[in-house]
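Report on the structure
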Amino acid sequence: MRIATTLGVFAALAFLAGCSSGSITPPSQSSQATSTSKTGDDFLFVSNSIKGKVEIYKHASKSVYRTITTPGRPQGLAIDGSGDLYVANGSEDYVNVYAPPYKSASSRLEVGQYSNGVATSPLSGEVVVIVSDELIVFGKGGQEPCFHYDPPGYSELSYAAFDSADNLYFDGLDASGNVLISVAHIDCGTPFLRMLKTGNEFLSPGILAVGRDERLSILDPAARAVYTYGRLKVRALGNPIFVTPLNGESVKNPVAFVFANEGKVLFTADHGSGFVDQFPFRSGGHPAITYSINGKPSGVAVAPAFVP
């Protein structure tokens, strides 16, 4: 299946001084992981959709720190700059938010639909919730949506991720089953779309993440690989500059991944095998560390979150 990609660009309002219309904000190239954990520990979060819970591990010891029992089917996870955990839900119409030390939900976002993913902006604090056919945008601290966006050309949306300049990358499928990828500047407004092309093919849409040096990485679950691209060009992502293969007996159907350790490693959640694996970024291969999850891992996150 050849990938068809779109670049979504929010036009800046003409009366805003210093803003140019129809452009993506260029991110800094000297990015680092800068967020901190309120508890002083490094944590790994895994959503277990079949068990209705999110398990929290202390990464240093691989021991379970806490288990959160959630209503419905927890799906994608995200951590914001304050260490708050956002849990998308495949059978409830809201997203629960858990503040450290993650004992109970501190607030929730009223989505109004089932959701499969969530992304938080390290710059503005905006939150985007991904449902089947639209992106639902929440302003910083808001519990009600400020904007609903149904991207043209998409019949199904999959995942989304912000870079450090508040640009949102997202992917999904068109009506013919072709993979689409877009980038937009989300600010509770109406976007402009431009088509982009990439040199490689995708077998299936997967979760996206922005890593070191603002490079976009995309998981292809069917190919069991993570593709990483160089700096975004005007009309193309181009060919991947790195391909990270995911091998081993625990790799069956990796559905999510997240960067950790300043972008040097990545964790995958494998819905097929029930494992969470840690791989060295770029080289991949067989996992260096494996967590056995009794169920179906659907999402994975780390705190402190990697900030590109």
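Scroll up to find the structure.
In this text, all values refer to a predicted model and were calculated from it rather than measured experimentally.

Attention shifts here to the overall build of the chain. Secondary structure assignment for the chain yields zero helices and 26 strands. With 308 residues in all, the chain has 54% of them scored as buried. Intrachain contacts of the chain at a sequence separation of at least 6 include 51% that bridge at least 24 residues. Accessible surface, the chain: about 12700 Å² in total, of which carbon and sulfur atoms supply 49%.

Here we come to the pairing of strand E11 (residues 135-138). Taking every second residue as pointing to the same face, both faces of E11 are buried, with Leu135 and Val137 on one and Ile136 and Phe138 on the other. Taken together, the four bridges between strand E10 (residues 127-130) and E11 define a ladder with antiparallel strand orientation. Bridging from a neighbouring strand, Val127 pairs with Phe138 of E11. From the end of E10 to the start of E11, which pair antiparallel, there are four residues. Sheet topology places E11 next to strand E12 (residues 147-149); three bridges connect them, and they run antiparallel. Directly across from Ile136, in E12, lies its bridge partner His148.

Assignment of secondary structure puts Ser298 in strand E26 (residues 297-303). Considered as a pair, Ser298 and Asp270 are 28 residues apart in the sequence and their alpha carbons are 7.2 Å apart. Ignoring any residue separated from it by four or fewer positions in sequence, one finds Ser298 in contact with Ser47, Ser49, Pro74, Gln75, Val255, Ala256 and His271.

Under the definition given, this model contains three salt bridges. Notably, a salt bridge pairs Lys53 with Glu55, separated by 3.3 Å at the nearest N-O pair. Residue classification places Lys53 among the partly exposed positions, given a relative accessible area of 22%.

So, about the sheet that holds strand E8 (residues 107-110). Taken together, four strands build an open sheet; the order of strands is E5-E6-E7-E8 and the sheet is antiparallel. Each edge of the open sheet carries a strand with a single partner, namely strand E5 (74-79) and E8. Looking at each pair of strands side by side, their axes are set apart by 25° on average, direction ignored. Sheet analysis places E5 next to strand E6 (residues 85-89), joined by four bridges and oriented antiparallel. Its bridge partner being in E6, Pro74 is matched across the sheet by Asn89.

Quick look at the pairing of strand E21 (residues 242-245) now. By the alternation rule, side chains of E21 split into Phe242 and Thr244, which are all buried, and Val243 and Pro245, of which none is buried. Across four bridges, the pairing between strand E19 (residues 225-228) and E21 is antiparallel. Looking across to E21, one finds that Ala225 is bridged to Pro245.

This brings us to the packing of aromatic side chains. Applying the stated criterion to the full structure yields 13 aromatic pairs. Aromatic ring contacts, followed pair by pair, group Phe242, Phe257, Phe259, Phe281 and Phe306 into a single cluster. Geometry around Tyr65 places Arg66 over its ring, the cationic atom sitting 4.8 Å from the centre. For Arg108, the ring lying beneath its charged end belongs to Tyr94, and the centroid distance is 4.1 Å.

The space that makes up the largest pocket amounts to roughly 570 Å³. Considering the residues around the largest pocket, the lining is formed by 32 residues, among which Ala78, Ile79, Ala161, Val258 and Phe306 are closest to the centre. Looking at the lining of the largest pocket residue by residue, the class counts come to 25 nonpolar, six polar and one charged.

Rules used in this analysis
Every chain's residues receive numbers from 1 upward, in the order its sequence appears when written. In keeping with the model being predicted, local features are shown solely for residues with a pLDDT of at least 70 and side-chain atom pairs are shown and tallied solely at 80 or more, while totals for entire chains, interfaces and linings include all residues. In computing side-chain values, all of the structure's heavy atoms are included and hydrogens and water are not. Strands are runs of DSSP state E lasting at least 2 residues, helices are runs of H or I lasting at least 4, and numbering of each runs from the N terminus. Partly exposed describes any residue whose relative accessible area lies between the buried limit of under 20% and the exposed limit of over 50%, with all areas from a 1.4 Å probe on protein chains only and scaled to the type maximum. We call two residues contacting when some pair of their heavy atoms lies within 4.5 Å. Reported accessibility uses the Shrake-Rupley method at a 1.4 Å probe radius. Residues are deemed covered only where the shown protein chains occlude them. A pair of strands counts as paired when DSSP detects no fewer than two bridges linking them. The working definition used for a salt bridge is a side-chain nitrogen of Lys or Arg within 4 Å of a carboxyl oxygen of Asp or Glu. Axis lines are fitted to C-alpha atoms, over the contacting stretch for helices. Their N-to-C directions set the angle, which ranges from 0 to 180 degrees. Ring pairs are drawn from Phe, Tyr and Trp, using the six-membered ring of Trp, whenever the two centres fall within 6.5 Å, and their geometry is named by plane angle: stacked under 30 degrees, edge-to-face over 60, tilted for the rest. Over a ring means this: the NZ of a Lys or the CZ of an Arg is within 6 Å of the ring centre and within 35 degrees of the ring normal. With a 1 Å grid laid over protein atoms only, a set of points is called a cavity when a 1.4 Å probe fits there but cannot get out and a pocket when it is open yet has protein on both sides within 12 Å along at least five of seven lines; lining residues have an atom within 4 Å of a point. Grid points are joined across faces, edges and corners, and a volume is the space filled by probe spheres set on the points. By the convention adopted, Pro, Cys, Tyr, Trp, Phe, Met, Ile, Leu, Val and Ala count as nonpolar, Lys, Arg, Asp and Glu as charged, and the other residues, Gly among them, as polar.

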